[in-house]
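# Observations on chain architecture
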Amino acid sequence: MAKKVLGDDPFKAEPAKKPKATKRAAPAKSARNTVAAKARAARETVTSAAVEVVAESPVEAPIATVVPAVDPPVTGVPADEVDAMPVDVTPEDVTPDDVAPEAIETVTVTAPEPIPAPPFSVEDRFEQILAEASPDLIARMAERLRASEPETSPEPEAPTETAPAVAEVFDVSREMMSSDYYLRRWGKVAMRDRSQDVDDFGLDLAYESRWRGVFDALYDRWWKVEVEGIEHVPSEGRVALVANHSGAVPVDGIVLATALRKEHPAQRRLRWLAEDFVFHTPFAGAWLSRLGAVRACQENAERLLSREAVVGLFPEGVKGISKPFRDRYQLQRFGRGGHIKLAIRTGTPIVPVTIVGAEETHPQVFPAKPLARLLGVPFVPVTPTFPWLGPAGLAGLPSRWKIVFGEPLSMADYAPEQADDELLVNRLNEKLRGVIQQTIEQTVRDRRSVFSGWRR
Amino acid sequence: MSDARSEGRGVARVAPPRRTVALTGADGFLGRNLIGLLEDDDRVGRVLAIDVKNPPTAGRKTRFYKVDLTQPSVDQSLAEIFASEGVDTVLHMAFLASPTHARAWAHELESVGTMHVLNACRQHTVRRFVLWSQTLIYGALPSNPNHLTEDHPLRGSAESRFLQDKIQAEEAVARFARQVPGTTCTVLRLAPILGPTVTNWLTRFLGHRLVPTLMGFDPLVQLLHEVDALAAFKLAVMRDAPGTYNIVGDGVLPLSTVIHLAGRSPLPVPHPLAKPLASALWTAQLSEAPPPFVDYLRWVCVADGAKAARELGFRPAFTTREAVLDYAGAQSLRDVQLLKPAAG
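Residues numbered from 1 in each chain as written. Chains lettered and ligands numbered in written order. Predicted model: local features only at pLDDT ≥ 70, side-chain atom pairs only at ≥ 80, totals over all residues.

## Here we look at the overall build of chain A
Cut-off, in case you're wondering: Strands are runs of DSSP state E lasting at least two residues, helices are runs of H or I lasting at least four, and both sets are numbered from the N terminus onward. Any residue whose C-beta has 12 or fewer other C-beta atoms within 10 Å is treated as exposed, any with 20 or more as buried, and any in between as partly exposed, C-beta atoms being built from the backbone. What counts as a contact is two residues whose backbone-derived C-beta atoms lie within 7 Å of each other.
For chain A, the count of helices and strands is 23 helices and nine strands. By residue count, 35% of the 456 residues in chain A fall in the buried class. When contacts within chain A are restricted to residue pairs at least 6 apart in sequence, long-range pairs at least 24 apart make up 72% of them.

## Observations concerning helix α2 (residues 29-39) of chain B
Burial analysis of α2(B) places eleven of its eleven residues in the buried class, the great majority of the element. Among the residues making up α2(B), those that are buried are B:Phe29, B:Leu30, B:Gly31, B:Arg32, B:Asn33, B:Leu34, B:Ile35, B:Gly36, B:Leu37, B:Leu38 and B:Glu39.

## Thoughts on the confidence of the model for chain B
Residue and element names in this part refer to chain B. Quick reminder of the rule: Note on scores: pLDDT gives the predictor's confidence for each residue, bounded by 0 and 100.
Across chain B, the average pLDDT comes to 92, with 95% of residues at 70 or higher. For residues 1-8, every residue scores under 50 in pLDDT, and the model assigns this stretch six contacts once sequence neighbours within four places are set aside. Complex prediction metrics read pTM 0.75 and ipTM 0.86.

## Some remarks on the sheet that holds strand β3 (residues 270-274) of chain A
All names here are of chain A. We count it as follows: Strands were regarded as paired on the criterion that DSSP finds at least two bridges between them.
Pairing within the open sheet is mixed, and its seven strands lie in the order β1-β7-β6-β2-β5-β3-β4. Taken across any chain shown, the strands that pair with only one partner, and hence form the sheet edges, are β1 (226-228) and β4 (294-295). Pairing of strand β2 (residues 239-243) with strand β6 (residues 350-356), which is carried by four bridges, proceeds in the parallel orientation. Each residue of the ladder has a partner; that of alanine 240, found in β6, is isoleucine 350.

## Regarding the confidence of the model for chain A
Residue and element names in this part refer to chain A. Here chain A averages 74 in pLDDT, while 67% of its residues score no lower than 70. Confidence drops under a pLDDT of 50 for residues 1-33, and excluding neighbours within four residues, the segment shows 65 contacts in the predicted structure. Confidence drops under a pLDDT of 50 for residues 114-118, and excluding neighbours within four residues, the segment shows seven contacts in the predicted structure.

## Re the sheet that holds strand β11 (residues 243-247) of chain B
Residue and element names in this part refer to chain B. The line we're drawing: Axis definition: a line fit to C-alpha positions, over the contact stretch in the case of helices; interaxial angles, taken between N-to-C directions, run 0 to 180 degrees.
With parallel pairing, the seven strands of this open sheet are ordered in space as β3-β2-β1-β4-β5-β6-β11. Taken across any chain shown, the strands that pair with only one partner, and hence form the sheet edges, are β3 (62-66) and β11. On average, each strand axis in the sheet is inclined to that of its neighbour by 20°, with strand direction left out of account. Pairing analysis gives five bridges linking strand β2 (residues 44-51) to β3, with the strands arranged parallel. What sits directly across from alanine 49, in β3, is phenylalanine 64. Packing against the sheet, helix α5 (residues 161-179) makes contact with β5 (128-134) and β6 (184-190), and its axis sits at approximately 155° to β5.

## Focus on the pairing of strand β7 (residues 402-405) of chain A
All names here are of chain A. With burial as the criterion, each face of β7 is covered, one bearing Lys402 and Val404 and the other bearing Ile403 and Phe405. Bridge count for β6 against β7 is four bridges, and the pairing is antiparallel. Along β7, the bridge assignment pairs isoleucine 355 with isoleucine 403.

## Thoughts on the packing of helix α18 (residues 298-306) of chain A against helix α20 (residues 338-346) of chain A
Residue and element names in this part refer to chain A. Our working definition: Crossings are sorted by hand: turned counterclockwise from the far helix by less than a right angle, the near helix makes the crossing left-handed, and turned clockwise it makes it right-handed.
Taken N-terminus to C-terminus, the directions of α18 and α20 make an angle of 35°; their axes are 11 Å apart at the nearest point. The two elements α18 and α20 meet at a crossing, and its hand is right-handed. Listed contacts from α20 to Gln298, Ala301, Glu302 and Leu305 of α18 are Gly338, Leu342 and Thr346.

## Remarks on helix α14 (residues 205-222) of chain A
Residues and elements named next belong to chain A. Using the following cut-off: Here the expected length of a helix is defined as 1.5 Å per residue gap, with one fewer gap than residues. Bending is quantified residue by residue as the angle between axes fitted to the seven-residue window ending at that residue and the seven-residue window starting at it.
Here α14 contains 18 residues, and its C-alpha end-to-end distance of 24 Å stays within 8% of the 26 Å for a straight helix at 1.5 Å per residue. At tryptophan 211, α14 shows its maximal kink, close to 35°. Just downstream of α14, lysine 224 is the residue with a positive phi angle, here 45°.

## Considering the environment of B:Lys307
Residue and element names in this part refer to chain B. Mapped onto the fold, lysine 307 is located in helix α10 (residues 306-312). Spatially, the C-alpha atom of lysine 307 lies 19 Å from that of valine 227, the residues being 80 residues apart in sequence. Leaving out residues up to four positions away in the same chain, lysine 307 has contacts with Glu150, Tyr245 and Asn246.

## Considerations on the pairing of β2(A)
All names here are of chain A. In terms of residue burial, β2 counts as a mostly covered element, since five of its five residues are buried. Both faces of β2 are covered, namely the face carrying Val239, Leu241 and Ala243 and the face carrying Ala240 and Val242. As paired strands, β2 and strand β5 (residues 310-313) are joined by four bridges and run parallel to one another. The partner of valine 242 across the bridge, within β5, is leucine 313.

## Some remarks on the nonpolar core
Where we set the bar: Take the buried Ala, Val, Leu, Ile, Met, Phe, Trp, Tyr and Cys residues, join any whose C-beta atoms are within 7 Å, and the set you get is a nonpolar core.
Ranked by size, the top nonpolar core spans 113 residues in total, and within it B:Leu23, B:Leu91, B:Leu188, B:Phe233, B:Ile247 and B:Val324 carry the most contacts. Take this core: its biggest share by element is nine residues, from helix α7 (residues 226-238) of chain B. Counting 61 residues, the second largest nonpolar core, distinct from the first, contains A:Leu241, A:Ile321, A:Trp401 and A:Met411.

## So, unusual backbone geometry
Here the residue pair A:Phe386 and A:Pro387 is connected by a cis peptide bond, since its omega of 0° sits within 30 degrees of zero. Within the element layout of this structure, A:Pro387 appears in the loop between α22 (369-375) and β7. At B:Gln337, a position not held by glycine, the phi torsion is positive, near 60°. Here B:Gln337 shows up in the segment after α11 (320-335).

Below you can see the structure in the form of structure tokens.
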């Protein structure tokens with residue numbers, strides 16, 4: 001019974017064949033090899049104890065060292081070898097009398113000769129495993145190896161000499177008939193535009209750079225964004241950009257990020273905080289998250305600022321984007337001053353940002369409250385273009401935009417504990433709101449018309 | 001035995017006293033492999049494997065005790081075993097790796113079983129108590145921050161027995177830690193484990209050719225390689241680190257990328273249909289996880305491993321991406337039957 005249990009154990013028996021089979025069957029997949037290498041490194045660093053024991057107990061060493069299965073691919077032992085091990089070391093037979101503590105220590109001390117750590121070369125081992133393996137397994141492995149090494153196997157060569165085109169057509173059509181083919185194709189297509197690594201908040205650089213062209217075109221050609229005072233954004237270190245939020249479809253985060261990337265000398269990357277309901281909406285949340293938006297909450301903002309990021313904040317929140325068109329230049333309440341508390345606590349300078357033009361790009365036609373209630377979101381944007389034109393409707397109307405970066409408000413004068421001083425927070429919040437409101441009115445006054453922009 | 005040990009500590013002795021470690025749930029994936037690790041460690045003199053089935057990795061140092069934690073008054077027999085063997089460390093890992101339909105039995109084993117083990121530890125004071133917990137019990141909610149720290153409330157779905165039992169076990173251990181100051185209690189909250197040899201609900205979920213996802217939702221997923229999971233438990237046994245730690249792999253990946261890296265294709269389901277569908281499949285015993293797990297396909301549940309790095313000294317050797325690739329390597333061999341399916 002013990003033999004059966006041990007033989008069936010996948011950690012000992014099977015993985016021994018795995019790395020070799022992987023190596024032969026898929027030599028091109030270097031990623032897997034690096035993982036195996038890392039597993040080896042991990043075994044050596046994390047559990048150095050496992051390696052030390054090799055030198056201690058000579059008799060059971062092969063069993064004792066391979067059992068941990070920390071790294072099954074490297075330290076495996078074939079099933080047959082485990083089967084052949086002496087009966088007196090099977091767990092059932094270990095009684096308290098057999099392993100008194102003294103006995104263990106004697107064994108530990110009087111280890112005569114260390115077993116060489118990897119006692120055989122990989123090739124030898126492979127041959128040995130093949131010799132011990134069942135004929136059925138050998139046949140299957142041989143088939144796999146033949147299939148994966150076309151240059152050494154005679155089969156594909158013969159047809160290429162006679163009729164290469166026919167052979168190719170045959171190969172391709174055979175591949176296309178396999179049920180796996182279309183799934184694999186689809187997998188490749190789906191991974192084409194994105195990287196296999198995202199940052200901790202889900203920003204995918206490959207995916208983002210693919211969208212850059214679209215955003216640049218909208219920025220330069222459609223909205224013709226003008227930027228003023230970009231020098232107020234420091235070239236390094238943490239900074240919070242507090243902006244007004246307007247337009248029924250919140251694209252101002254993306255435009256602000258594009259402005260920083262295109263206009264700022266250091267090409268700083270903006271991480272902006274988006275409202276919860278964006279992440280409740282299918283597709284929107286996943287899409288914006290890959291582009292650099294982060295769900296708005298204190299923990300996320302603090303973590304971003306602790307990494308010296310540029311964080312875009314829209315303290316008006318949903319109230320800002322759902323306000324009626326007639327109130328478009330009227331700032332809403334700036335939350336409860338959470339952004340001020342955050343800035344005081346983390347010692348982050350605040351740069352007030354005024355965005356004018358988003359209001360006219362996405363004017364709210366009517367508040368679709370019943371629809372919003374039905375979908376369980378606080379607000380459904382209905383504009384002249386969205387949702388009627390689908391994703392293309394996100395471009396909105398070609399109104400001119402202007403982004404004004406104001407003088408930074410330093411928080412260096414305040415101690416982190418003063419974040420709890422509600423009166424101070426409220427005073428700073430109102431001051432900030434006043435600055436932005438004033439700049440909005442000034443910018444709107446300077447504008448010639450909505451669609452032709454500012455006088456030069 | 002414990003007396004002899006405490007006397008020996010004062011005298012000049014070359015070898016420090018050896019540890020006696022008891023593992024509950026020794027025949028699970030973690031238990032089986034940890035026995036191997038502990039057997040290889042000089043500092044461990046004796047390993048007690050406590051389970052209903054003898055773990056196949058048991059070697060010379062291991063002694064197997066057949067104890068069923070679902071039986072009443074099992075705490076008495078556990079306490080006797082602990083006392084007679086002089087146990088100084090208890091690794092409580094008698095939890096289910098995957099949700100089960102036998103909810104009542106699971107409750108007896110996980111929630112009540114933890115109570116029995118803790119009662120045994122109240123009768124025979126141990127130096128260290130390590131609990132296996134999971135980051136899943138934070139719950140996947142839309143209001144989660146992107147990185148959950150250890151002090152975040154546990155908001156795992158109240159409908160899920162699987163999560164609630166583990167939350168109850170953690171609460172019981174927190175009570176125990178307050179009442180018995182002599183015992184160092186370490187709670188390890190592990191991210192979902194993935195790797196070449198482990199089997200759990202996640203490996204079965206990713207084993208489908210078409211993996212169901214929610215249309216328009218692509219949450220960030222955080223995984224832990226099986227080697228890192230074992231290394232974390234080894235650290236917790238060897239280091240004095242009271243408290244709760246998130247044990248997670250480096251980095252996160254969108255769910256869809258995980259599925260593609262595993263060589264599978266996503267099957268997007270509209271989210272209003274997902275819960276009824278999951279419920280029907282679960283009732284028909286065709287799915288590996290109950291309906292509350294649909295939340296994990298929609299919202300983010302990612303834990304912050306900074307505290308474990310700082311205080312426990314745990315650094316994962318594998319990133320989330322490497323864990324997926326390692327799993328995919330073994331799974332592709334299992335797919336063509338070159339490798340036997342991993343044992344549960």
